[in-house]
Protein chains: 2
Amino acid sequence: MLYISLTMIKDKVDLFIKACRSMGLRITPQRVAVYEVLLSRDDHPTAEEVYNEVKKRYPFVSLATVYRTIETLEQLNLVKRVAYWGNSVRYDANIQEHHHLICTKCGTIKDVSFDFGLNLPEKLYGYKVEGYSVHIYGVCPACQQKESLRSTHQKN
Amino acid sequence: MLYISLTMIKDKVDLFIKACRSMGLRITPQRVAVYEVLLSRDDHPTAEEVYNEVKKRYPFVSLATVYRTIETLEQLNLVKRVAYWGNSVRYDANIQEHHHLICTKCGTIKDVSFDFGLNLPEKLYGYKVEGYSVHIYGVCPACQQKESLRSTHQKN
DNA sequence: GTTCCTGCAAATGCTTTGCAGGCAG
DNA sequence: CTGCCTGCAAAGCATTTGCAGGAAC
């Protein structure tokens, strides 16, 4: 499921291309494909997941290129690393400040764009504050349903 | 710096020992030492950092034991894996609801016990809300110093 | 044509696992 | 004593890096 329209993806890709030009970076099909995959998903894929998606269009792409492209995108501030629980780093092309709704049963993460209006100081315990993200823990609709079924049937 | 008193650490270790007994787990000096190190720190050490600390008292301890002990502590719900930023998983023996100050350069995580007083609805996008944690991103004092040094010397 | 980027493969770093001996109970 | 736990070493993954050829400009 796309969380932004194809037109918006195209616009963002155009901005990426402009950013590359202005930085003297080359615009390669692999770079565009990696960014498009990241833009088209709101489920915070791992590098490997992006790789599998890109491979559908460019079967000879290498995982190393995906990692290198993501690093470039991070430096251009077009992609952010998402703090996460698990073994792999996850990435997010949604650059606007937003928050995460995490299911404590199945681990699914959903974006929340609500503004909590937190007033953070510029400095906190000596840290130079850059931004924040609220992680809300809860049970997703699917898991709630599973729970109620389970209690009805006395299973597990 | 200790964020809880020695008495509190002792109490928590006693609870851990009781939990081990009730589960049929053996109480070994290594296990106690790993838990004590985790209790005594609020900076969410990596397994390696715990290992280095434990090694001061038990020079022959192995990193594998530290990993296995942390896994045991997680299963006993005495230690939590925290959302991480860098390359290693970080652990936390503070089980109460609290927030995190994360360095985007080196991944260090500091506890913030400040109450942000967010009023979350009971339901959000169909999720049954249970709690939240604020992740504040920034640059820690050590990394700020490194950054200013680098710009002074025009390196990289 | 020049330089940067890519694919491949090897290296690195973090974490897990198999095994034989040792210690807690 | 018995069997779980430990230390060691090797294996298993995720990610990074070196290098030679190829593509972008």
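In case you missed it, the structure is sitting above this.
To start, this report covers the structure provided alongside it. Bear in mind that the values here come from a model prediction, so they are computed numbers and not experimental data.

In this section: the packing of aromatic side chains. Two numbers describe a pair of aromatic rings. These are the distance of the centres and the angle of the planes. For the coordinates displayed, the defined rule picks out four aromatic pairs over all chains. Consider the rings of Phe-114 of chain A and Phe-116 of chain A, whose centres lie 5.1 Å apart with planes at 75°: the pair is edge-to-face. On the accessibility criterion, Phe-114 of chain A (51% relative accessible area) is exposed. The class of Phe-116 of chain A is buried, set by a relative accessible area of 15%. Lying over the aromatic face of Tyr-125 of chain A, Lys-110 of chain B brings its terminal NZ or CZ to 5.0 Å of the ring centre.

The next point concerns the nonpolar core. Val-134 and Ile-136 of chain A together with Val-134 and Ile-136 of chain B are the most contacted members of the largest nonpolar core, which has 28 residues in total. Going through the elements one at a time, strand E3 (99–103) and strand E6 (127–139) of chain A together with strand E3 (99–103) and strand E6 (127–139) of chain B are the ones with two or more residues in this core. Sequence-distant contacts of Ile-136 of chain A, that is, excluding residues within four places in its chain, are made with His-100, Leu-101, Ile-102 and Phe-116 of chain A together with Leu-120, Leu-124, Val-129, Gly-131 and Tyr-132 of chain B.

Once that is clear, we can look at the protein's contact with DNA strand C. Around DNA strand C sit 20 residues in total, of which Arg-26, Thr-28 and Thr-65 of chain A together with Tyr-67 and Val-89 of chain B are the nearest. Within 4 Å of the protein, the contacting atoms of DNA strand C are 67% sugar and phosphate, with bases supplying the remainder. Between DNA strand C and the protein, one listed contact pairs a phosphate oxygen with a side-chain N or O atom of Thr-28 of chain A at 2.7 Å. Gln-30 of chain A is positioned such that a nitrogen or oxygen atom in its side chain is 2.9 Å from a sugar or linking oxygen of DNA strand C. At the level of secondary structure, the elements contributing two or more residues to the surface near DNA strand C comprise helix H2 (29–40) and helix H4 (63–75) of chain A together with helix H4 (63–75) of chain B.

Here we come to helix H2 (residues 29–40) of chain B. Residue and element names in this part refer to chain B. Under the 1.5 Å per step criterion, the end-to-end length of H2 is 16 Å for 12 residues, consistent within 8% with the ideal 16 Å. The set of residues buried in H2 consists of Val-32, Ala-33, Val-34, Tyr-35, Val-37, Leu-38, Leu-39 and Ser-40. Considering only its buried residues, H2 is in contact with helix H1 (6–23), helix H3 (47–57), H4 and strand E2 (90–92).

Residue and element names in this part refer to chain A. Extensive coverage of H2 is indicated by the burial of nine of its 12 residues. Within H2, the full set of buried residues consists of Arg-31, Val-32, Ala-33, Val-34, Tyr-35, Val-37, Leu-38, Leu-39 and Ser-40. Along its buried surface, H2 packs onto helix H1 (6–23), helix H3 (47–57), H4 and strand E2 (90–92).

Rotating chain B by 178° and translating it 0.4 Å along the rotation axis places it on chain A, where the RMSD comes to 2.4 Å. Here the copies are linked by what is in effect a two-fold axis. Within chain B, the C-alpha atom positioned nearest to the axis of rotation is that of Val-134 of chain B, 2.0 Å from it. A high fraction, 95%, of the interface residues of chain B reappear at the interface in chain A, so the copies pair face to face through one surface.

So, about the pattern of salt bridges. What the rule picks out here adds up to 14 salt bridges over all chains. Between Arg-41 of chain B and Glu-53 of chain B there is a salt bridge, and its shortest N-O distance comes to 3.9 Å. A residue pair is termed long-range when its members are at least 10 positions apart, and Arg-41 of chain B in the loop between H2 and H3 and Glu-53 of chain B in helix H3 qualify at 12 residues. A relative accessible area of 30% means that Glu-53 of chain B is categorised as partly exposed. Linked by salt bridges that have partners in common, Arg-41, Asp-43, Glu-53 and Lys-56 of chain A make up one network.

Conventions and cut-offs
Residues numbered from 1 in each chain as written. Chains lettered and ligands numbered in written order. Predicted model: local features only at pLDDT ≥ 70, side-chain atom pairs only at ≥ 80, totals over all residues. Heavy atoms only, no water. Phe/Tyr/Trp six-rings, centres within 6.5 Å; stacked < 30°, edge-to-face > 60°. Buried < 20%, exposed > 50% of the residue type's maximum accessible area, 1.4 Å probe, protein only. Lys NZ or Arg CZ within 6 Å of the ring centre and 35° of its normal. Core = buried A, V, L, I, M, F, W, Y, C linked by side-chain atoms within 4.5 Å. Helix = DSSP H or I, 4+ residues; strand = E, 2+ residues; numbered from the N terminus. Contact = heavy atoms within 4.5 Å. Near = heavy atom within 4 Å. Polar contact = N/O pair within 3.5 Å; in protein donor to acceptor, adjacent residues only side chain to side chain. Expected span 1.5 Å × (residues − 1). Least-squares fit on C-alpha atoms with pLDDT ≥ 70 in both. Salt bridge = Lys/Arg side-chain N within 4 Å of Asp/Glu carboxyl O.

Structural measurements only, silent on function.
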